[in-house]
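Letter by letter, the chains look like this.
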Amino acid sequence: MNDCFIINGRVIDPARKVDGRHNLIVRGGRVAEWTQARRGPTGVPVIDARDAVVTPGWIDLHTHLREPGEEYKEDVASGVAAAVAGGFASIVCMANTKPVADNASVIEHIRQQARVAGLARVYPIGAITRGLKGEELADIGDMAAAGVVALSDDGKTVANTRLMRKGMEYAATFGLPIVDHCEDPFLCAGTAMHEGAQSTRLGLAGSPAEAEEVIVQRDIALARLTGARLHVAHVSAVQGVDAVRAGQEEGIAVTAEVTPHHLLLTDEVLAGYDTRCKVNPPLRTAADRAALRRGLREGVFAAIATDHAPHTSIEKDVPFDEAACGMIGLESALPVCMRLVTERVISLCRLVELFTIGPARTLGLPRGRLAVGDDADVTILDPRAAVVIRSSAFRSKSRNCPFDGWRCRGKVLYTLVGGRIVYRAGPGGRRQ
Ligand code: DOR
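For every chain, the first residue of the written sequence is number 1, and numbering continues from 1 onward in sequence order. Reporting in this predicted model follows two pLDDT cut-offs: at least 70 for local features of residues, and 80 or more for side-chain atom pairs to be given and counted; totals over whole chains, interfaces and linings ignore these cut-offs and use all residues. Side-chain metrics in this entry use all non-hydrogen atoms of the structure; hydrogen atoms and water are not considered.

A.B. asks: What's the story with the pattern of salt bridges in this structure? I'm lost.
C.D. replies: Any two side chains of opposite charge can pair, so long as their charged atoms come close to each other. Think of a salt bridge as a Lys or Arg side-chain nitrogen and an Asp or Glu carboxyl oxygen that are within 4 Å of each other. All chains considered together, the criterion is met by 23 salt bridges. Across the salt bridge formed by Arg 218 and Asp 219, the nearest N and O atoms sit 2.7 Å from each other. When the shortest N-O distance is used, the salt bridge between Asp 375 and Arg 367 registers 3.0 Å. With a 1.4 Å probe rolled over the protein chains alone, any residue whose accessible area is under 20% of its type maximum counts as buried; one over 50% counts as exposed, and the rest are partly exposed. Residue classification places Asp 375 among the partly exposed residues on the basis of a relative accessible area of 24%. Linked by salt bridges that have partners in common, Arg 30, Arg 121, Arg 367, Asp 375 and Asp 377 make up one network.

A.B. asks: For this particular structure, what's the right way to read the site of the ligand?
C.D. replies: In this text, near means that some heavy atom of the residue lies within 4 Å of the molecule or strand in question. Around the ligand, the surrounding shell holds 14 residues, and the nearest of these are Arg 66, Asn 96, Asn 280, His 311 and Cys 325. Residues adjacent in sequence count toward polar contacts only when both atoms are side-chain atoms; beyond that, a polar contact is any pair of N or O atoms within 3.5 Å, and within protein one must be able to donate a hydrogen and the other to accept it. Asn 96 is positioned such that a nitrogen or oxygen atom in its side chain is 2.8 Å from an oxygen atom of the ligand. Interatomic distance of 2.8 Å between a backbone N/O atom of Asn 280 and a nitrogen atom of the ligand. Starting from 290 Å² of accessible surface for the ligand in isolation, the protein chains cover 94%. Computed over the protein atoms alone on a 1 Å grid, cavities are sets of points where a 1.4 Å probe fits but cannot get out and pockets are open sets with protein on both sides within 12 Å along at least five of seven lines; a residue lines them when it has an atom within 4 Å of a point. A cavity or pocket is said to hold a molecule if more than half of that molecule's atoms lie within 2 Å of its grid points. Applying the majority rule of atoms within 2 Å of the grid points places the ligand in the largest pocket. When the residues that make up the shell around the ligand are grouped by side-chain class, the tally is three nonpolar, eight polar and three charged. Computed with the Shrake-Rupley method and a 1.4 Å probe, the accessible areas treat only the protein chains shown as cover for residues. Charged means Asp, Glu, Lys or Arg here, nonpolar means Ala, Val, Leu, Ile, Met, Phe, Trp, Tyr, Cys or Pro, and polar covers whatever is left, Gly included.

A.B. asks: How do you make sense of helix H7 (residues 238-250) when you look at a structure like this?
C.D. replies: In an α-helix, one turn spans 3.6 residues; hence positions three or four apart end up facing the same way. Taking 1.5 Å as the rise per residue, H7 with 13 residues should run 18 Å; its terminal C-alpha atoms sit 18 Å apart, in good agreement. A run of H or I in DSSP counts as a helix once it spans at least four residues, and a run of E counts as a strand once it spans at least two, with each numbered from the N terminus. Along H7, the positions that sit buried rather than exposed are Gly 240, Val 241, Ala 243, Val 244 and Gly 247. Mapping the buried residues of H7 onto a view down its axis gives an arc of 165°, with all of them on the same face. Phi turns positive, to about 95°, at Gly 251, one or two residues after H7. A helix is expected to reach a length of 1.5 Å times the quantity of its residues less one. Read the arc as the range of directions from the helix axis to the C-beta atoms.

A.B. asks: In this structure, what is going on with helix H11 (residues 333-342)? I would like to understand it.
C.D. replies: By the criterion of burial, H11 is predominantly enclosed, with eight of the ten residues buried. Looking only at H11, the buried set comprises Ala 333, Leu 334, Pro 335, Val 336, Cys 337, Met 338, Leu 340 and Val 341. Downstream of H11 by one or two residues, Arg 344 has phi in the positive range, about 60°.

A.B. asks: Would you mind going over empty space enclosed by the protein with me for this structure?
C.D. replies: Left-over empty space is what a probe sized like a water molecule reveals as it rolls over the atoms. Grid points are joined across faces, edges and corners, and a volume is the space filled by probe spheres set on the points. For the coordinates displayed, the defined rule picks out two cavities of 30 Å³ or more. In this structure, the largest cavity spans a volume of roughly 50 Å³. Forming the boundary of the largest cavity are Pro 260, His 261, Thr 306, Met 327, Ile 328, Gly 329, Ser 332, Ala 333, Val 336 and Phe 403. Listing elements by their share of the lining of the largest cavity, those giving two or more residues are helix H8 (260-264) and H11.

Structural data, given as C-alpha cells:
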C-alpha cells in the first residue's frame with residue numbers, strides 16, 4: 001500500500017528551509033500532504049514520531065558494496081541492509097568491485113541485486129578506466145545507458161593526466177560528474193599513513209598532504225579545460241579544502257565531500273597500530289581536521305559521505321603495513337556525526353542537509369526533499385537517544401569500525417523508501 005501518516009515529529013527539510021512541527025500524509029509511496037491535522041486518513045498506519053526528527057531519506061554518496069567478487073566482505077543485500085539501518089534510503093556505490101564495474105553488464109548486475117534486496121535505492125558509479133588500470137577508458141557510453149550516476153576510479157587516482165582529460169571530456173558529453181580520488185600515486189606509493197610527526201614516531205612510511213593537493217589542483221584545472229563536473233571524494237587535508245574552495249571561488253563546477261572519520265579522528269589514533277584506522281586518504285592532523293570542520297561550516301562541502309569500505313579479519317588482522325585500507329561507516333554515521341552537533345561544529349539542520357539535499361544535488365539525484373509529490377523516502381531519528389556503537393550488532397558483513405564502543409547520541413528509528421518501512425529500530429537506546 002505504501003500509505004502512512006507520520007505524526008508529532010519535528011520535520012527538518014533543509015531543501016525547503018523547513019524546521020517545525022508538521023504531520024505528513026504519505027499516499028501511494030509519495031508525500032501527499034503536509035498537515036497540522038492530528039487525524040490522518042482512516043485505515044492508514046500511523047507512525048508516531050514524538051520526540052523524533054523527520055527528515056528526507058538520507059543519501060550516502062560513497063559506499064563500497066564489494067559485489068561482484070568479494071561477497072565475503074559485503075554483498076548488495078548486506079550492504080543495503082546496513083544502509084537502511086543507518087538511515088540511508090539511497091546509496092551510491094563505487095566501481096572497485098571484482099570484476100570492476102567498467103561495463104554495462106556489471107552495472108546491470110548490481111542494479112538487479114539491489115532490486116532483489118528491495119531495501120535502499122542503489123545508484124552505481126562506473127569506472128573511468130578499464131579495470132581501474134589507468135590505461136584506457138572504460139565503456140562509458142554503455143554504462144551511461146545502463147544508468148550510472150557518475151564515473152570514478154575511486155580507490156585509485158587516474159595518474160595519466162591526458163587520460164583523465166579524456167575521461168572528463170567523455171563524462172561531460174554524457175552529462176556525468178567525475179568523482180575523484182585525489183592522491184598522487186607516486187607520492188603515496190608504499191605508504192601506510194599520513195606523513196608527519198606521528199609517522200616518524202611510529203616508524204611508518206607516510207604520504208604527505210601535498211599528494212592530495214596536487215591532484216585536486218590538477219583536476220580542477222582539467223575541469224576548467226573540459227567543462228566537466230568534478231566532485232572531490234573524501235577530502236582529508238587543509239590543502240585539499242583550500243584547493244576546492246579556490247576552485248569554487250573561481251566559478252568552476254567543483255563539489256566535495258568529507259567523511260565522518262576524517263571529521264572525527266586524527267593520526268593520533270594510530271598510536272597502537274590499530275589497522276581499523278588505516279584508510280586512504282589517511283587520517284591526518286588536528287589542523288587538517290579543523291580545516292575540514294571549517295569547510296563544513298563555510299559550505300565548501302556539499303555532503304558528508306561514509307566511504308563505507310568493508311574488509312574482514314583476513315585483510316585487517318595483519319601487520320599495519322600489509323593491512324587493507326578502509327573502514328565501514330553506514331551504521332555509525334548518525335551517532336558519530338551527532339558529535340559535530342553536540343560539539344557545536346554544525347547545527348542539526350546543517351547535518352541533515354549534508355546527508356540529504358546536499359548529496360542529491362551533487363549528483364543530480366531526484367531525492368533529498370519532502371515536497372508534495374516527491375517519493376516518500378524518509379528517515380526518522382532520535383537525535384538525543386544515548387547509544388553505544390557496537391559493530392557486533394551491525395548488519396554489514398564486516399566489522400572494521402574504528403568507532404566500536406563509542407558512546408554517542410543519535411539513533412535511527414525508521415527508514416522509509418517510497419513510503420515503505422524498510423527499517424524499524426528494535427527496543428533499546430535510552431534517553432537520559
Ligand atoms: O581506504 C579506502 N578503502 N579508500 C578507498 O578509496 C578505497 C577503499 C576500499 O575500497 O577499500
